[in-house]
Amino acid sequence: MNGMWKRGGFVLLFTGLWLGAMDVMAEYGLNFPDPVTRIGKDIYDVHMLTMEIATWLLAVVMVFMVYILFTFRKSKGYKADQNFHKGWFGRWSWVMVPTMVLMVDLTIAGSAQSTLERFWNAPKQFCSDEGADPDRCFDMNVKIIAHQWWWEYEFPEYGVEYDGEFYPITVESRPTDKETSGEHYLRDVDNPIVLPVGRTIRYLNTSADVLHAWWVPELGFKRDSIPGYVMETWAKIDADKTGTYRGQCAELCGTWHSKMPIVIKAVTPAEFEAWIEKKKDALLASLIEANSLKEWTLEELYTKGESAYNTKCSACHRPDGSGLPPAFPPLRGSKIVVGSIEEHIKMVLNGKDTMPAWKMLSDLEIAAIVTYERNAWGNATGDVVQPSAVKAAR
Amino acid sequence: MSSTAVETMDSAHDAHDDHGPMKGWKRWVYSTNHKDIGTMYLIFALVMLFLGGLSAMVIRMELMFPGIQLLEPDLYNNIVTNHALIMIFGAVMPAAAGLANWMIPMMIGAPDMALPRMNNLSFWILPAAATMLILSFVVPFFPGGGTQINTGWTLYPPLSIKVGMSMDFLIFAIHLLGISSVLASINIIVTIFNMRAPGMKMSQMPMFVWTWLVTAFLLILVVPVLAGGVTMLLFDRHFGTSFFDAAGGGDPVLFQHLFWFFGHPEVYVLLLPSIGVLSMVIPTFSRKPLFGYMSLVGSMIFLGTLGMVVWAHHQYTIGMSYGAVNYFMIGTILISIPVGLMKFNFIATMWRGSLTFETPMLFAVSIVIMFVFGGLTGVMLAVIPADMQYHDSMFVVAHFHYVLVPGAVLALFAGVFYWLPKWTGKMYNERLGKLFFWTNIIGFNMTFFVQHFLGLAGMPRRIIDYSVQFTEFNVISSIGAFIFGLSHLILLYIVIDTIRSKKLEKATAQVWEGAKDNGLEWDLPSPPPYHSWVEAPKLDANAKYAGS
Amino acid sequence: MSTSPDQYYIPEPSKWPIVAMLAIFSILMGSALAINGVGIGSFLIVVGFVLLGYMFFGWFGDVVEENMTGKYNSQVDDSFRQGMFWFISSEVFFFATFFGSLYYVRNISVDWLGGTGYLEATNEFITSQFVSQWPTAGPSNLGGDFALVDTWGVPAINTAILLSSGLTLTWAHWGLKKENRKQLVNGLMLTVALGIIFVIMQAVEYMHAYSTLNLTLESGIYGSTFYLLTGFHGFHVIVGALMLSAVLGRSMKGHFTEENHFAFEAAAWYWHFVDVVWLGLFILVYWM
Ligand code: HEA
Ligand code: HEA
Ligand code: CUA
Ligand SMILES: [Cu+2]
């Protein structure tokens, strides 16, 4: 009785769970999501190969173990063979086993290596360059800058000139809250990055603060973002794979590591061009607005500030200004926020410890945020901070 | 340390031929006895296992459903960090060191460890280290205590540079742990080299002794590297250096290299003593000598050496040249050779044996299977293109719990059940032992098996909150974890019962039917005398003491 | 336990290990607090060092006494020797960490910043002004421009000092072997004196570097590795000199015999190890 139970237990627990789970995987799609890039497919193949080998090896071990557990039992009167290890098998198994394992190892390594060789080093040439190798070139760069806790994307080749300065298109992509994201809770952003299918893109990963990792499973790889360094990878989304791909940050980056989604909208090149044109126009308009010398009213600044605050500052200081002490101070009633305007602007411009410096924002944006902070959540100072004040503080 | 203490010490000195233990707390605090120190190690490890396990339970409770229920994000990561450090440095390593202390002198026919006073020091540093570790956890709750340690046990900068003062407590705790491990390892190496009973050749040593010899070497070589790495972290935090700061020409990834140069051999430090335990348990309950003694020794040395040079497989997603990743991938995959040989030898030991299934053997059998499974996912991780997907996902969490729990924790349980009758002189309750085994194994597999799929489907690790598509498997995993956690209460009961109960059956010197000639410890009475081999045992020059 | 020569000496229960633990604990605890400006920290450090001193006198006192009363047989002596050997091995790896880091930044990561190697894109997009070079304070030139310590000034002299201290130590060892106490004591005194001179010169060099060369801990990666390596080495020289002084004291009392002088050898090995590390430093940090 006891023995039966034991046998049943083993068989059920191990073979059953593992092999049964392969079925479940197929059914629920719990393997990797279908890859949409060549690299992703190669990686998927390597993954399936090793997984199959692993499953077979496990099955072999299981078969032996189950056989042993059934057969060589003392309760069945089996006597131990004290000389088993002295036969030819005992003498030569230390050569035979490693040789066999080595052969399997080389199979795995060989397949992995050929994939690796193909994608590990990113190409160095634009496809439009003269004499570029059509298999090892890229059409455009996308710079991925990780922040605590949002992503910034830059299209270095696209942009506008304003007063002789080149402004590349940037997309700031921040997590949305529970209500707006619905079924895509923690997997939705306000401003997805739009990428063309059928074009080879060189991704340039870097970070503004700590380590992060950019991971969209459908693309097939993840890369770490290292502050101060830039890492290249390259991939082309298949021409027929337009759609929305979701991922998230995969390297522990502090408090809201769990809330750093990535959303890619893969569109046709024509749609992409249209999108980027629109971005260009918007960028130009905002540049012109930021440089105008107009006096802004409290209401104008407050509305502008509110949306900027909610995208840029609320991750740490929370939408209601309550912060997350002790790591992040509340701004509601904060000495700096209700105190000297100059200190407040300086804090936002220059940062301190974990508080990032926001120098890259325009005077107008900072003025708006500061105005908003000084008037929201009961910080009723009534102050209106004009962009000129920010310019003076720089 | 008052002057009275000194006086008592002096009078103790005079009573030179007193062979029994000292009375009261001094027996433990002043101890130079390998068994007492071994016992303290084991008790310490058990306490830490429950502490680390409790934090695991909190992790699983938080992860049971999407949304943030119990904890704050930083607190969650703080608990994860502490869970890992407590389990690895507080539970597994001290438990293995406890077994080493108890068993190595008995197995090699020595009266005690070679350096008994230092032995005491190695142990007593641990409570100090644990104090600082726990302080690093609680300091942020005090006003002015700074932010929580939200970095995970890998302590990667720049995040770890931004953490408040609790990180400094952690850094110094790691220094203490390092000192303890290095001293203990020196002691073990010297004991094995210098204290074997006259006539015992290295090739006659029981396998457990061999595994610890290799482990001790690994520790001596890699722990100083961790100490150096966290020292550099400390300098970056407080003295303005820029080792891990690109602005000054450093590189955050340098820390990862240093950490994993320690970290990867460390996983074999956790594994090897358990391999040693299995090499004792399996022959005993197969009633047959260990298959392939020399090949086991060889594969262990091979494993230790290879294990030292493959560290960067934890960092495939950071920048490394094609040559470097290729090298690290192939090196890592080759580790399946020695480990495969070990597992093969265990299976061949059982082959044509005469098996019985007492609790230690039940564990051993299940460990062989589950560890192979964990090891195979390890090989999958080693394959760099695929690791671009697996890395930092729950798949990795599943892998390492499948190797850590069977490969370290459960094997140590097997060792405890195997030697408990020897230590206490009483047989533990076998029925309860079996009950523990089954609840344990079911709970364990339920917890971690499903995490593989979570990882493949794209759930990262170290997140407090996840998107709804991952809910079902997390619920299963959490329920499994609670079963698994509760099962440890049975273990606790069995151990206490065996020590305290007067009703249990007395154990013979040999304890297990198949234990004859499987280690010198079975030649000593159960429980053994206070000093193990005052007279060195007479050895047969051709005999194998637990070998083929 | 008994003291017969064929039995291993197992010491009685001892309070020294626990004192040692308390000492180390309060030093490290104190450091953790002091580094964060908590007042009680430095007090704890002082207490820790006092305890540490007390412990060393007590523990080694016990060992010396047991040794002198002949409780040790040659096997115990062997245990001590092997223990010291493996301890030094672990120290080797401690220094290897720092040398390895130096290698990594010099040959790998600084090159990336300068635009060669796997992460060369860094240079294209972030650090375009930066040229790979050594020494460097990094792309941001942290700590400002600095000058280097002249290899053939103090460092060369210090090399000579340490090398000759190795010779004087060997000379002392010959004295010990010949049971020539005078040569032993003189040799040791010379060695300790050379060690002290070394440390003083090093301190002067540091002051010079800080005050006139603007080479500080903050001088980017060069300053970081420079002070880390030389600093930890200097610390080891101090420890070695303390060990040798203790051995010197015991030599004066005539503790050592030709067969029985483990303490001398342990200190000597340690000193030679520190010597070899310096040679590595001289070549890799100052010279190349
Ligand atoms: C006891 C602990 C232990 C052990 C033994 C192992 C064993 C192995 N581990 Fe694991 N590992 C960890 C603990 C352990 N690991 C931990 C804690 C982490 C995560 C750390 C962190 O990030 O926090 C980790 C992470 C980890 C990674 C990094 C994943 C990532 O972060 O992206 C990798 C990658 O290569 C890896 C590989 C391996 C390999 C190849 C083995 C091999 O040793 C396995 C060898 C065994 C077998 C292969 C099975 C038996 C052999 C046969 C049946 C023969 C036939 C087999 C073949 C032909 C393949 N491990
Ligand atoms: C030896 C090492 C070891 C051991 C034994 C364990 C044991 C367990 N671990 Fe852990 N774990 C690690 C080492 C270990 N772990 C490491 C290195 C990490 C990575 C950390 C990082 O990312 O930095 C990790 C991370 C980790 C995670 C991932 C966290 C994340 O990435 O977000 C999870 C989640 O499920 C987890 C769960 C568990 C569970 C359920 C157990 C169980 O085995 C625990 C068993 C339970 C007990 C021993 C409890 C004893 C009984 C009681 C306390 C009473 C019963 C109480 C109740 C049921 C409420 N561990
Ligand atoms: Cu960004 Cu995790
Ligand atoms: Cu590893």
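Residues numbered from 1 in each chain as written. Chains lettered and ligands numbered in written order. Predicted model: local features only at pLDDT ≥ 70, side-chain atom pairs only at ≥ 80, totals over all residues. Heavy atoms only, no water.

**What about the interface of chain A and chain B?**
Here is the rule: Note on contacts: a residue pair qualifies if any of its non-hydrogen atoms lie within 4.5 Å across the two residues. Buried area counts how much accessible surface, traced with a 1.4 Å probe, disappears from two parts once they are put together, with both parts' losses summed. Definition used for salt bridges: Asp or Glu carboxyl oxygen within 4 Å of a side-chain nitrogen of Lys or Arg. Any N or O atom pair separated by 3.5 Å or less is treated as a polar contact, with the protein-specific requirement of one donor-capable and one acceptor-capable atom, and with residues adjacent in sequence counted only for side-chain atom pairs. Under the scheme used here, helices are H or I runs from DSSP no shorter than 4 residues and strands are E runs no shorter than 2 residues, and both carry numbers assigned from the N terminus. Classification convention: Asp, Glu, Lys, Arg as charged; Ala, Val, Leu, Ile, Met, Phe, Trp, Tyr, Cys, Pro as nonpolar; all other residues, Gly among them, as polar.
Facing 95 residues of chain A, the contacting portion of chain B comprises 104 residues. Both sides of the chain A and chain B interface together cover about 8700 Å² of buried area, and 74% of this is carbon and sulfur. Counting the contacts that link chain A with chain B gives 2 salt bridges. Linking chain A with chain B are 21 residue pairs in polar contact (both at pLDDT 80 or more), by the criterion used here. Looking at the side of chain A that touches chain B, the element that brings in the most residues is helix H3 (residues 88-119) of chain A, giving 17 residues. The class makeup of the residues in the side of chain A that touches chain B is 60 nonpolar, 20 polar and 15 charged.

**As for the interface of chain A and chain C**
Each partner contributes residues to the interface: chain A has 15 residues there, and chain C has 11 residues. When chain A packs against chain C, the two sides together hide about 1100 Å² of surface, and 61% of this comes from carbon and sulfur. Connecting chain A to chain C are 2 salt bridges. When the shortest N-O distance is used, the salt bridge between Lys124 of chain A and Glu120 of chain C registers 2.8 Å. Our count for the chain A to chain C interface comes out at 5 residue pairs in polar contact (both at pLDDT 80 or more). Elements that contribute at least two residues to the side of chain A that touches chain C include exactly strand S1 (140-147), strand S5 (200-207) and strand S8 (231-236) of chain A. Broken down by class, the residue content of the side of chain A that touches chain C amounts to 6 nonpolar, 4 polar and 5 charged.

**Re the side chain of Thr241 of chain B**
The residue Thr241 of chain B is located in the loop between helix H8 (207-238) and helix H9 (252-286) in this model. Among the polar contacts made by the side chain of Thr241 of chain B, one reaches the main-chain carbonyl oxygen of Phe235 of chain B at a distance of 3.3 Å. Among the polar contacts made by the side chain of Thr241 of chain B, one reaches the side chain of Asp236 of chain B at a distance of 2.5 Å. For Thr241 of chain B, the residues in contact, after removing those within four places along its chain, are Met232, Phe235 and Asp236 of chain B together with Leu217 and Ser224 of chain C.

**Focus: the coordination of the copper ion (ligand 4)**
Reference values for coordination geometry: four tetrahedral donors around a metal ideally subtend 109.5 degrees, six octahedral donors ideally subtend 90 or 180 degrees. All names here are of chain B. The following threshold applies: The donor set covers N, O and S atoms within 2.8 Å of the metal, switching to 3.2 Å for Na, K and Ca, and it leaves out water, so a site may look short of donors. Burial classification: accessible surface area is computed with a 1.4 Å probe over protein chains only, and a residue below 20% of its type maximum counts as buried, one above 50% as exposed, and the rest as partly exposed.
All of the protein donors around the copper ion (ligand 4) are His264 (ND1), His313 (NE2) and His314 (NE2); their distances to the metal are 1.9 to 2.1 Å. Between consecutive donors of the copper ion (ligand 4), the numbers of intervening residues give the motif H-x48-H-H. For the pair the copper ion (ligand 4) and the iron atom of ligand 1, the metal-to-metal distance amounts to 4.4 Å. In this pair, His264 is assigned in helix H9 and His313 in the loop between helix H10 (293-307) and helix H11 (322-334), connecting sequence segments 49 residues apart. Looking at His264, the relative accessible area reads 5%, which means it is buried.

**Some points on the site of ligand 1**
Convention followed: The rule for a residue being near a molecule or strand is that one of its heavy atoms must lie within 4 Å of it.
Residues in close proximity to ligand 1 total 32 residues, the closest being Trp153, Tyr268, Asp387, His391 and His399 of chain B. Lying at an intersection of chains, ligand 1 is approached by residues of chains A and B. Within the backbone of Ala382 of chain B, an N or O atom sits 3.3 Å from an oxygen atom of ligand 1. Within the contact set of ligand 1, an oxygen atom lies 2.7 Å away from a side-chain nitrogen or oxygen of His391 of chain B. Contributing elements (two or more residues each) for the shell around ligand 1: H3 of chain A together with H9, helix H12 (336-350), helix H13 (359-382) and helix H15 (394-424) of chain B. Per-element tally for the shell around ligand 1: the top contributor is H13 of chain B, with 8 residues. Considered class by class, the residues forming the shell around ligand 1 number 20 nonpolar, 9 polar and 3 charged.

**Considering the coordination of the iron atom of ligand 1**
If you check the protein contacts of the iron atom of ligand 1, you find one donor only, His399 of chain B (NE2), at 2.2 Å. Among the structural elements, His399 of chain B can be located in helix H15.

**Details of the site of ligand 2**
Residues and elements named next belong to chain B. For ligand 2, the set of nearby residues contains 33 residues, the closest of which are Tyr76, His83, His401, Arg462 and Phe484. In this structure, an oxygen atom belonging to ligand 2 sits 2.6 Å away from a side-chain N or O atom of Tyr76. One of the side-chain N or O atoms of Arg462 is found 2.7 Å from an oxygen atom in ligand 2. Counting residues per element, the ones that place at least two in the shell around ligand 2 are helix H3 (34-63), helix H4 (73-108), H15 and helix H18 (471-500). Considering every element that reaches the shell around ligand 2, the biggest residue donor is H3, with 8 residues.

**Focus on the nonpolar core**
The cut-off we apply is this: Buried Ala, Val, Leu, Ile, Met, Phe, Trp, Tyr and Cys residues form a nonpolar core when they are joined through side-chain atoms within 4.5 Å. Marked domain ranges trace back to an automatic or database domain assignment.
Counting 382 residues, the largest nonpolar core has Phe155 of chain A together with Trp419 of chain B as the members making the most contacts within it. Looking at this core, the element that brings in the most residues is H4 of chain B, giving 24 residues. Two domains each donate at least three residues to this core, and these are domain 1 (11-71) and domain 2 (72-287) of chain C. Ignoring any residue separated from it by four or fewer positions in sequence, one finds Trp419 of chain B in contact with Leu99, Met103, Met107, Phe208, Val277, Met280, Glu521 and Trp522 of chain B.

**Re helix H5 (residues 116-138) of chain B**
Stated formally: Multiplying 1.5 Å by the residue count of a helix minus one yields the expected span of that helix.
Look at H5 of chain B: 34 Å from first C-alpha to last across 23 residues, which is about the 33 Å you get at 1.5 Å a residue. Burial runs high along H5 of chain B: 17 of the 23 residues are buried.

**Regarding the confidence of the model for chain C**
How we decide: Each residue carries a pLDDT score, the predictor's own confidence in it, on a scale running from 0 to 100.
Averaged over all residues, the pLDDT of chain C is 89; the fraction at 70 or higher stands at 98%. Reported for the predicted complex are a pTM of 0.92 and an ipTM of 0.91.

**Some thoughts on the side chain of Asn77 of chain B**
Position of Asn77 of chain B among the secondary structure elements: in helix H4. With a relative accessible area of 3%, Asn77 of chain B lands in the buried category. The contacts of Asn77 of chain B, once residues within four sequence positions are left out, are Leu252 and Gly254 of chain A together with Ile149, Asn150 and Arg462 of chain B.

**What about the confidence of the model for chain B?**
Looking at chain B, the pLDDT average stands at 89 and 95% of residues meet or exceed 70. Every residue in residues 1-18 of chain B scores below 50 in pLDDT, and together they form 19 contacts with partners more than four places removed in sequence or on other chains.

**With respect to the sheet that holds S8 of chain A**
Residue and element names in this part refer to chain A. Inclusion rule: Pairs of strands are assigned from DSSP output, requiring at least two bridges between the strands. Throughout, an axis means a line fitted to C-alpha atoms (over the contacting stretch in the case of helices), and angles, computed between N-to-C directions, take values from 0 to 180 degrees.
In space, the 5 strands of this open sheet follow the order S3-S2-S1-S5-S8, with mixed pairing throughout. Looking at strand neighbours, the two that pair on one side only are strand S3 (165-173) and S8, the edges of this open sheet. Strand-to-strand twist across the sheet, computed as the mean angle between neighbouring axes with direction ignored, equals 30°. The pairing of S1 with S5 spans 7 bridges and is parallel. Looking at the pairing, Ala146 lines up with Ser207 of S5.

**Points about the sheet that holds strand S4 (residues 193-196) of chain A**
Residues and elements named next belong to chain A. Sheet architecture is open: 3 strands sit in the order S4-S10-S9, paired in mixed fashion. Of all the strands in the sheet, the pair left with one neighbour each is S4 and strand S9 (243-248). Recorded for the sheet is a direction-independent mean angle of 30° between the axes of neighbouring strands. Bridge analysis of S9 against strand S10 (residues 261-267) gives 6 bridges, and the strand direction is antiparallel. Of the residues in S10, the one forming a bridge with Gln248 is Pro261. Running over the sheet, helix H5 (residues 269-291) touches S4 and S10 and is turned about 140° from S4.

**Considerations on a nonpolar patch on the surface**
Residues and elements named next belong to chain A. Worth spelling out the cut-off: Exposure above 30% relative accessible area and no salt bridge define the residues that can form patches, which grow by joining like charges within 9 Å and nonpolar side chains of Val, Leu, Ile, Met, Phe, Trp and Tyr within 5 Å. Surface accessibility follows the Shrake-Rupley procedure with a 1.4 Å probe radius. Residue values consider only the protein chains on display as shielding.
Residues Trp88, Trp92, Trp94, Val95 and Met96 make up a contiguous nonpolar surface patch of roughly 560 Å² in combined accessible area. Relative to the helices and strands, Trp88 resides in helix H3. Under the relative-accessibility criterion, Trp88 is labelled exposed at 57%.

**Here's the deal with the pairing of S8 of chain A**
The two faces of the sheet receive side chains in turn, since in a regular strand these alternate between them. Residue and element names in this part refer to chain A. By the criterion of burial, S8 is predominantly enclosed, with 5 of the 6 residues buried. Where S5 meets S8, 6 bridges bridge the pair, whose relative direction is antiparallel. Within the sheet, the bridge partner assigned to Ile201 lies in S8 and is Ala235.

**Comments concerning the packing of H15 of chain B against H18 of chain B**
All names here are of chain B. Filter applied, for reference: Orientation is classified from the angle alone, with under 35 degrees giving roughly parallel, over 145 giving roughly antiparallel, 65 to 115 giving roughly perpendicular, and any other angle giving oblique. Throughout, a crossing is termed right-handed when the near helix is turned clockwise from the far one, and left-handed when it is turned anticlockwise from it by less than a right angle.
In contact at an axis separation of 10 Å, H15 and H18 are set at 20° when each is read in the N-to-C sense. Regarding the angle of H15 to H18, the classification is roughly parallel. Judged by the sense of rotation from one axis to the other, the crossing of H15 with H18 is left-handed. Between H15, through Val405, Phe413, Phe417, Leu420 and Thr424, and H18, the contact on the second element is made entirely by Phe484, His488, Leu491, Ile494, Val495, Thr498 and Ile499. Each residue belonging to the contact of H15 with H18 can be placed in one class, and the counts come to 9 nonpolar, 3 polar and no charged.

**Details of the domain arrangement of chain C**
All names here are of chain C. Assigned domains of chain C: these are domain 1 (11-71) and domain 2 (72-287). One C-alpha centre belongs to domain 1, the other to domain 2; they are set 25 Å apart. The partner domain 2 presents 6 residues to the 7 residues of domain 1 that form the contact. Roughly 620 Å² of surface becomes buried between domain 1 and domain 2 when both sides are summed, with 53% attributable to carbon and sulfur atoms. If you sort the residues of domain 1 by the area they bury against domain 2, Val64, Asn67 and Met68 come out on top, with a joint share of 63%. On the surface where domain 1 and domain 2 come into contact, there are 0 salt bridges. Applying the counting rule to domain 1 against domain 2 returns 1 residue pair in polar contact (both at pLDDT 80 or more). Each residue belonging to the side of domain 1 that touches domain 2 can be placed in one class, and the counts come to 3 nonpolar, 2 polar and 2 charged.

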